[in-house]
Amino acid sequence: MSFTPAITGIGAVTPAGWGHEALLRALVGREMPDVGFLERTRGDSVVKTPVRRVPSANGQIPKSARLRRVSPIAKFAAAAAVEALGAERLEASLAGRLRVGVIFSLSNGCVNFSSRFFAEALAEPALASPILFPETVFNAPSSHISAMIGSHAPNDTLLGDASAFFTGLELAIEWLERGDADGCLVIAAEELDWLSAEALRLYSGNFIPSEAAAAIYLEPADGPVRIGRLPAPLPYVSTPREHAARMMRERLAVENDDQTLLIDSRNGIRRFDRAEEHAWHGWRGARWSPKTLLGDCMGAAGAVQTVAAAAALKQGLFRHAAVSCTGPNQQAAGVSLVHSPQHHSGPTANPEPVPA
């Protein structure tokens, strides 16, 4: 990198609530949101899938004509993006004074509208609503966000597992270095649908699917959180999963002390956690595992981890953070973050370290 990128804005929508402070409170206090159920009929029976949902919006969704008929994933992402961007930058972007690039990553996409569209098409093709079809494509949420903020800078959507968010960070830095944008929103989001939720639980009945969105605003400026190291992700096609997780820890090269927070991608299911357990064996500092509390938000999980780490540093709870994302089927990725003390704004949550 020819400059040190700073994270100057963060946003989140999770089962813990709307806003990154709700996410931080849940992780610090080890608060586990209630489990609800997705239900569908199959013949004469009812299939119930336990899930963790985002709570009711209560006016938290940004006001925009683009969001009137969109899927939940776009609404979650828009709220996280606006929180990360902030009112002043949003105004500057709408006025054309700020070029904001948008990079979006996801796994499942707009599954609610896809389900509705294909259900209509199968039931009566002649009556299937063409209005729904644009909302079924993977890049619909990112398109809505760029339009909502009046952006004329690049826009890209990456399809992958939770680790794709870190590829998005690499791409954002490339755009900033080339001068393609003044700053970048890097976002990941997912919504709940019976198909993706039940598919996840085919791997283990202990999975609790969830929905979420998280966003960071990255720019070449001074800020409360700087990117320390952003190693290139390690694809499993060339490196076995456990070895990739160990190599990622080595490349992040963070101190193993009480001033460094580790946020990993463990979900509490031993056979899926094995790679990170071995990679980070002997870790002595604080360790948070958001999936064990908030459920598995699939493609949004890496972004939630990163926003949680940035929030903890922003509030001065730690000096350094390591985010380890051992993707379920694609690659091992991660980022190390550094706190800038001069930007400390004081904690809004209980600052006591959370046990592993």
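Look up a bit, the structure's there.
Keep in mind that what you see is a predicted model, and the values were worked out from it rather than measured. (Residues numbered from 1 in each chain as written. Predicted model: local features only at pLDDT ≥ 70, side-chain atom pairs only at ≥ 80, totals over all residues. Heavy atoms only, no water.)

Draft legend 1. Structural detail: the nonpolar core. Membership of the largest hydrophobic core comes to 58 residues, with the highest contact counts inside it found for I7, I216, W288 and L337. Broken down by element, the residue count for this core peaks at 10 residues, all from helix α10 (residues 301-314). Discounting chain neighbours no more than four positions away, the residues touching I7 are I216, Y217, L218, P224, V225, I227, A310 and L337. Among the nonpolar cores identified, the runner-up in size contains 34 residues, and V13, V54, A57 and I145 belong to it. (Core = buried A, V, L, I, M, F, W, Y, C linked by side-chain atoms within 4.5 Å. Buried < 20%, exposed > 50% of the residue type's maximum accessible area, 1.4 Å probe, protein only. Helix = DSSP H or I, 4+ residues; strand = E, 2+ residues; numbered from the N terminus. Contact = heavy atoms within 4.5 Å.)

Draft legend 2. Broad picture of the packing of aromatic side chains. Evaluated as defined, the whole model comprises 5 aromatic pairs. Between W288 and F318 the ring centres are 6.1 Å apart and the planes differ by 80°, which places this aromatic pair in the edge-to-face class. Note that W288 is positioned in strand β12 (residues 287-288) and F318 in the loop between α10 and β13 (320-326), a separation of 30 residues in sequence. A residue is classified by how much of its surface remains accessible, and F318, at 4% relative accessible area, is buried. The ring of W194 has R40 lying over it, and the distance from NZ or CZ to the ring centre is 4.0 Å. (Phe/Tyr/Trp six-rings, centres within 6.5 Å; stacked < 30°, edge-to-face > 60°. Lys NZ or Arg CZ within 6 Å of the ring centre and 35° of its normal.)

Draft legend 3. Geometry of the environment of D222. Here D222 is to be found in the loop between β8 (212-219) and β9 (225-229). Of the residues examined, D222 reaches a relative accessible area of 52% and is grouped as exposed. Along the chain, D222 and P240 lie 18 residues apart, while their C-alpha atoms are 38 Å from each other.

Draft legend 4. Representation of unusual backbone geometry in the model. For R30, which is not glycine, the phi torsion reads 50° and is therefore positive. Summarising the element assignment, R30 is placed in the loop between α1 (20-28) and β3 (36-42). Under the relative-accessibility criterion, R30 is labelled partly exposed at 41%. Positive phi outside glycine occurs at A253, with the angle close to 50°. Structurally, A253 is set in the loop between α7 (241-252) and β11 (260-263). The exposure class of A253 is partly exposed, given its relative accessible area of 42%.

Draft legend 5. Representation of the side chain of S71 within the structure. Residue placement: S71 occurs in the loop between β4 (45-51) and α2 (72-94). The buried category is assigned to S71, whose relative accessible area is 0%.

Draft legend 6. Quick look at the pattern of salt bridges. In total, this model carries 11 salt bridges according to the counting rule given. A salt bridge links R53 to E211; its shortest N-O distance comes to 3.8 Å. Residue R53 is located in the loop between β4 and α2, and its partner E211 is located in the loop between α6 (194-201) and β8; the two are separated by 158 residues in the primary sequence. Judged by its relative accessible area of 40%, R53 is partly exposed. We note a salt bridge from R178 to D180, for which the minimum N-O separation is 2.6 Å. (Salt bridge = Lys/Arg side-chain N within 4 Å of Asp/Glu carboxyl O.)

Draft legend 7. Representation of the state of the cysteines in the model. Applying the stated criterion across every chain yields a total of 0 disulfides. Cysteine C110 is unpaired, with the sulfur of C297 as its nearest cysteine sulfur at 16 Å. On the basis of relative accessible area, C110 is assigned to the buried category, the value being 3%. No disulfide involves C297; its sulfur sits 9.9 Å from the nearest other cysteine sulfur, which is in C325. Owing to a relative accessible area of 5%, C297 belongs among the buried residues under this scheme. (Disulfide = S-S within 2.5 Å.)

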